[in-house]
Amino acid sequence: MSDSGTILSALADGVLSLTLNRPDKLNAFNEEMHLALRAGFERAHADADVRAVLLTGAGRGFCAGQDLGDRDPSKGVPDLGHTIETFYNPLLRLIRSLEKPVICAVNGVAAGAGANLAFACDITLAARSARFIQAFAKIGLVPDSGGTWSLPRLIGEARAKALALTAEPLGAETAADWGLIWRAIDDDKLMEEATALATRLAAGPTKGLGMTKRAIQAAATNSLDEQIDLERDLQREAGRSADYAEGVSAFLEKRKPEFRGQ
Ligand code: LHQ
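Residues numbered from 1 in each chain as written. Predicted model: local features only at pLDDT ≥ 70, side-chain atom pairs only at ≥ 80, totals over all residues. Heavy atoms only, no water.

## A word on the packing of aromatic side chains
The cut-off we apply is this: Pairing of aromatic rings covers Phe, Tyr and Trp, the last counted by its six-membered ring, and requires centre-to-centre distances within 6.5 Å; plane angles under 30 degrees mean stacked, over 60 mean edge-to-face, and any other angle means tilted. Secondary structure is summarised from DSSP: a helix means a run of H or I of at least four residues, a strand means a run of E of at least two, and numbering begins at the N terminus for each. Only protein chains enter the calculation, and the probe is 1.4 Å; a residue is then buried if its accessible area is under 20% of its type maximum, exposed if over 50%, and partly exposed in between.
Evaluated as defined, the whole model comprises two aromatic pairs. Seen in terms of ring centroids, phenylalanine 29 and tyrosine 88 are 5.7 Å apart; in terms of plane orientation they differ by 70°. Their pairing is edge-to-face. Of this pair, phenylalanine 29 sits in the loop between β3 (15–20) and α1 (31–46) while tyrosine 88 sits in helix α2 (residues 80–97), placing them 59 residues apart in sequence. A residue is classified by how much of its surface remains accessible, and phenylalanine 29, at 1% relative accessible area, is buried. Residue tyrosine 88 is classed as buried on the basis of its relative accessible area of 4%. Relative to phenylalanine 132, the ring of phenylalanine 119 has its centre 5.2 Å away and its plane inclined at 35°; by these criteria the two rings are tilted. One end of the pair, phenylalanine 119, is in helix α3 (residues 113–120); the other, phenylalanine 132, is in strand β9 (residues 131–133), with 13 residues separating them in the sequence.

Here's what the structure looks like:
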């Protein structure tokens, strides 16, 4: 485990674990934590040994969004657009463009940008006791970190608007029932299950998994014609991969495949 203070980082079995580590502030983002988390995702892009990412939080919370002490208007009117452009948007783009699975284990409350960060990941699990809060409405802000994009797509406009306008907390089980996250897990089993899932995916045909992620994301803006053309192109590429050759050989030889993500 390497400890850069605000982000704990460890690579094991192809899984890069990134843990938000400002537990006294419920892992609210300051600039240092932003930069350290960004460095973690940049490593995930560049390092072939990283085949999946597991994002979670230290302590009783997952992430309470922006550290409001760092963006206090009483100390001068802040340019929040600059904050978003400099810190949040690059992070979102890094997560969405990473062609490797990103698993999120929401260990406790996820508020503001913390909630929308969890929804930007590929597979999000949450402790049964966790709750999601679009806290922006409580302080006169607008959902960011992709929330106005992901919420209506994941749960429809009616629920998206109600969550964003009321800032009412949403429990993990309801979030799972609505399709905002993949599963709610008993608190004491969350990390075990999330680690097992990330490890399983990291040992899988991660080149194909990465292309699958790209295709599903592209569907948000593609027509059916564009999408099936994309599927053709990606399948052509996947069909030439070493993992496809290994997967078919293993199937025919009735053995477990050994994928290398190539
Ligand atoms: C915090 C925070 C926090 C600092 C808890 N900051 N200390 C983007 C661009 C630029 C600017 C603005 O924002 C954005 C995006 C955003 O994320 S906006 C939304 C920002 N987040 C919030 O508004 C959430 C604020 N926090 C809360 O409402 C509560 O803390 C929640 C509901 C998350 C948890 O409530 P509790 O479980 O009752 O915990 P708590 O309130 O007692 O918090 C524990 C400690 O964490 C406490 O410190 P203390 O020294 O009193 O123990 C809080 O002050 C601190 N904390 N969130 N965002």
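## Details of a negative patch on the surface
Applicable threshold: Patch criteria: residues need more than 30% relative accessible area and no salt bridge. Like-charged residues are merged within 9 Å; nonpolar side chains of Val, Leu, Ile, Met, Phe, Trp and Tyr are merged within 5 Å. Residue burial considers only the protein chains on display, and all accessible areas are found by Shrake-Rupley using a 1.4 Å probe. Salt-bridge detection follows one rule: a side-chain nitrogen of Lys or Arg within 4 Å of a carboxyl oxygen of Asp or Glu. Charged-residue counts in this description rest on Lys and Arg as positive and Asp and Glu as negative, His and the chain ends being excluded. Every charge is mapped to an atom, namely NZ of Lys, CZ of Arg, CG of Asp or CD of Glu.
A contiguous patch of negative charge, built from Asp187, Asp188, Glu192 and Glu193, is present on the exposed surface. Assignment of secondary structure puts aspartate 187 in the loop between β11 (183–185) and α7 (190–202).

## Looking at α2
Selection rule: For a helix, the expected span equals 1.5 Å multiplied by the number of residues minus one. In what follows, a contact means two residues having at least one pair of non-hydrogen atoms within 4.5 Å. Here a polar contact is taken to be a pair of N or O atoms separated by no more than 3.5 Å, where protein atoms must pair a possible hydrogen donor with a possible acceptor and residues adjacent in sequence count only if both atoms sit in side chains.
Taking 1.5 Å of rise per residue, 18 residues should cover 26 Å, and α2 covers 24 Å from first to last C-alpha, within 8% of that figure. Listed as buried for α2 are Thr83, Phe87, Tyr88, Leu91, Leu92, Leu94 and Ile95. Lining the buried residues of α2 we find α1, β6 (102–106), α3 and α8 (206–218). Two to three positions downstream of the cap, the backbone nitrogen of glycine 81 sits 3.0 Å from a side-chain oxygen, assigning the N-cap of α2 to aspartate 79.

## Some details on the domain arrangement of the protein chain
Heads up, the rule is: Here the limits of each domain have been adopted from an automatic or database domain assignment. Note: buried area is the sum, over both parts, of the accessible area (probe 1.4 Å) each one loses when the two are combined.
On domain assignment, one finds that the protein chain holds domain 1 (2–202) and domain 2 (206–253). Distance between the C-alpha centres of domain 1 and domain 2: 27 Å. Tallying the contact residues gives 13 residues for domain 1 and eight residues for domain 2. Broken down residue by residue, the surface that domain 1 buries against domain 2 is led by Arg51, Arg96 and Glu99, which jointly contribute 58%. Between arginine 214 and glutamate 99 there is a salt bridge; the shortest N-O distance is 2.5 Å.

## Re the packing of α1 against α2
Two quantities define a packed helix pair, namely the angle between the helix axes and the distance between the axes. In plain terms, the rule: What counts as an axis is a line fitted to C-alpha atoms, over the stretch in contact for a helix, and the angles between N-to-C directions run from 0 to 180 degrees. Geometric relationships in this document are graded by angle, where less than 35 degrees denotes roughly parallel, more than 145 denotes roughly antiparallel, 65 to 115 denotes roughly perpendicular, and other angles denote oblique. Whether a crossing is left-handed or right-handed is set by the direction in which the near helix is turned from the far one by less than a right angle, anticlockwise for left-handed and clockwise for right-handed. Residues are grouped as follows: Ala, Val, Leu, Ile, Met, Phe, Trp, Tyr, Cys and Pro are nonpolar; Asp, Glu, Lys and Arg are charged; every other residue, Gly included, is polar.
Running from amino to carboxyl end, α1 crosses α2 at an angle of 20°, the nearest separation of the two axes being 10 Å. Relative to α2, the element α1 lies roughly parallel. Crossing of α1 against α2: the hand is left-handed. Judged by residue contacts, Glu31, His34, Leu35, Leu37, Arg38, Phe41, Glu42 and His45 of α1 engage Thr86, Phe87, Tyr88, Pro90, Leu91, Leu94, Ile95 and Ser97 from α2. For the contact of α1 with α2, the per-class residue count stands at nine nonpolar, four polar and three charged.

## Structural notes on a nonpolar patch on the surface
A cluster of nonpolar side chains, Tyr244, Val248, Phe251 and Leu252, forms an exposed patch at the surface whose accessible area comes to about 460 Å². Positionally, phenylalanine 251 belongs in helix α10 (residues 242–252). The exposure class of phenylalanine 251 is exposed, given its relative accessible area of 65%.

## Considerations on the site of the ligand
Going by this rule: Throughout this document, a residue counts as near a molecule or strand when at least one of its heavy atoms sits within 4 Å of that molecule or strand.
Taken together, 24 residues lie near the ligand, and Arg60, Ala64, Gln66, Leu68 and Ala113 sit nearest. In this structure, aspartate 24 approaches the ligand through a main-chain N or O atom, which is 3.4 Å from an oxygen atom. Alanine 64 places a main-chain nitrogen or oxygen 2.9 Å from a nitrogen atom of the ligand. Protein contacts shield 68% of the accessible area of the ligand, which totals 1000 Å² for the unbound molecule. Elements that contribute at least two residues to the shell around the ligand include exactly α2, β7 (109–111) and β9. It is α2 that provides the largest number of residues to the shell around the ligand, a total of three residues. Split by residue class, the shell around the ligand holds 14 nonpolar, four polar and six charged.

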